[in-house]
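# Understanding the architecture of this molecule
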Amino acid sequence: MEDCIFCKIIRKEISSEKIWEDENFYAFLDINPVRKGHTLLIPKQHQDYIFDIEEPLYSGLFRAAKSLSGPLRGATGAKRVGIVVEGLLVPHAHVHLVPIENPGELDSSNAKKADPEELAEIAEKIRALL
Ligand code: 5GP
Ligand code: ZN
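Read on for an overview of the structure. Note that the structure is a prediction, hence the values are computed from the model and not measured. (Residues numbered from 1 in each chain as written. Chains lettered and ligands numbered in written order. Predicted model: local features only at pLDDT ≥ 70, side-chain atom pairs only at ≥ 80, totals over all residues. Heavy atoms only, no water.)

For the rest of this paragraph, the subject is the site of ligand 1. Close to ligand 1 lie 16 residues; Leu29, Asp30, Asn32, His94 and His96 are nearest. Within the backbone of isoleucine 31, an N or O atom sits 3.4 Å from a nitrogen atom of ligand 1. With respect to ligand 1, the side chain of glutamate 86 contributes an N or O atom lying 3.4 Å from an oxygen atom. For ligand 1, whose free accessible area comes to 530 Å², the fraction covered by protein is 88%. (Near = heavy atom within 4 Å. Polar contact = N/O pair within 3.5 Å; in protein donor to acceptor, adjacent residues only side chain to side chain. Areas by Shrake-Rupley, 256 points an atom, 1.4 Å probe, with all protein chains shown as cover.)

There is a patch of like negative charges on the surface, built from Asp48, Asp52, Glu54 and Glu55. Structurally, glutamate 54 is set in the loop between strand S3 (39-43) and helix H2 (57-76). Among the residues examined, glutamate 54 registers a relative accessible area of 61% and is labelled exposed. (Patch = residues over 30% accessible without salt bridge, like charges linked within 9 Å, V, L, I, M, F, W, Y side chains within 5 Å. Salt bridge = Lys/Arg side-chain N within 4 Å of Asp/Glu carboxyl O. Lys, Arg positive; Asp, Glu negative; His and termini not counted. Charge placed at Lys NZ, Arg CZ, Asp CG, Glu CD. Helix = DSSP H or I, 4+ residues; strand = E, 2+ residues; numbered from the N terminus. Buried < 20%, exposed > 50% of the residue type's maximum accessible area, 1.4 Å probe, protein only.)

This paragraph deals with the nonpolar core. It is characteristic of soluble globular proteins that their nonpolar side chains tend to be buried jointly. One finds Ile19, Leu29, Leu41, Leu61, Leu68, Leu97 and Ile126 to be the most contacted residues of the largest nonpolar core, which totals 22 residues. Of the residues forming this core, the biggest block, 7 residues, is contributed by H2. If we ignore the near neighbours within four places in the chain, the residues touching leucine 29 are Glu17, Ile19, Gly37, His38, Thr39, Leu119, Ile122, Ala123 and Ile126. (Core = buried A, V, L, I, M, F, W, Y, C linked by side-chain atoms within 4.5 Å. Contact = heavy atoms within 4.5 Å.)

Under the defined criterion, the tally for this structure stands at 7 salt bridges. For arginine 11, the salt bridge identified is with glutamate 13, shortest N-O distance 2.7 Å. One salt bridge connects lysine 44 with glutamate 21, and the closest N-O pair in it is separated by 2.7 Å. Residue lysine 44 is located in the loop between S3 and H2, and its partner glutamate 21 is located in strand S1 (residues 18-21); the two are separated by 23 residues in the primary sequence. Assessed through its relative accessible area of 25%, lysine 44 is described here as partly exposed.

Here we take up the coordination of the zinc ion (ligand 2). Within the first shell, the zinc ion (ligand 2) binds the protein through Cys4 (SG), Cys7 (SG), His46 (ND1) and His92 (ND1), at distances of 2.0 to 2.3 Å. Between the 4 donor atoms coordinating the zinc ion (ligand 2), the angles at the centre fall across 105 to 117°, so the site counts as tetrahedral. As a motif over one chain, the donors of the zinc ion (ligand 2) read C-x2-C-x38-H-x45-H. Of this pair, cysteine 7 sits in helix H1 (residues 5-10) while histidine 46 is found in the loop between S3 and H2, placing the two residues 39 residues apart along the sequence. Look at histidine 46 and you get partly exposed, because its relative accessible area is 25%. (Donors = N, O, S within 2.8 Å, 3.2 Å for Na, K, Ca; no water. Tetrahedral: all angles 85-135°; square planar, octahedral: opposite > 155°, others 65-115°.)

Further remarks concern the pairing of S1. Where S1 and strand S2 (residues 25-29) come together, 3 bridges link them in antiparallel fashion. Within S2, the position partnered with glutamate 21 by the bridge is tyrosine 26. Hairpin connection between S1 and S2: a loop of 3 residues separates the two successive antiparallel strands. (Pairing = 2+ DSSP bridges.)

A few words now on the packing of aromatic side chains. All told, the structure shown has 5 aromatic pairs when counted by the stated rule. With a centroid separation of 5.7 Å and 45° between ring planes, the pair formed by tyrosine 26 and phenylalanine 28 is classed as tilted. An angle of 55° between the planes, with centres 5.2 Å apart, marks the rings of tyrosine 58 and phenylalanine 62 as tilted. With tyrosine 58 and phenylalanine 62 both in helix H2, this residue pair falls 4 residues apart, about one helical turn. According to the relative accessible area criterion, tyrosine 58 is partly exposed, its value standing at 24%. (Phe/Tyr/Trp six-rings, centres within 6.5 Å; stacked < 30°, edge-to-face > 60°.)

Remember that the coordinates give geometry; whether it matters functionally is a separate question.
Below you can see the structure in the form of structure tokens.
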């Protein structure tokens, strides 16, 4: 979709700290992470609402989330990887994958613009574990 910010990221018109991709999905670090390693996983095919995604793509999205969860935990040392699906700001379906330690850490009010060097460093660590 022409004006969609996440479609632009997939087309590399906007740069992103890529974690992983395959033919159907793309994962990259959120520029305003709520926690270190906060990752966004998106389908490459533009779709606004996540629950409008048809099978087998829908299940594939959550299989990809599962595959990313191990490296995310490993790279951050977090206790768990939490999932948030909101999509109220960017109308391209996405799953937030957030390494967490304590209750409440998924709250989007914890979001803070990240230093690009810090993002590059954590992305490298995650990619090394894929
Ligand atoms: P939501 O739509 O789920 O409420 O939030 C969209 C998320 O996308 C936010 O966490 C925001 O920080 C992130 N985001 C918005 N624009 C960009 C961007 O250009 N690059 C990256 N990496 N993340 C973005
Ligand atoms: Zn899009």
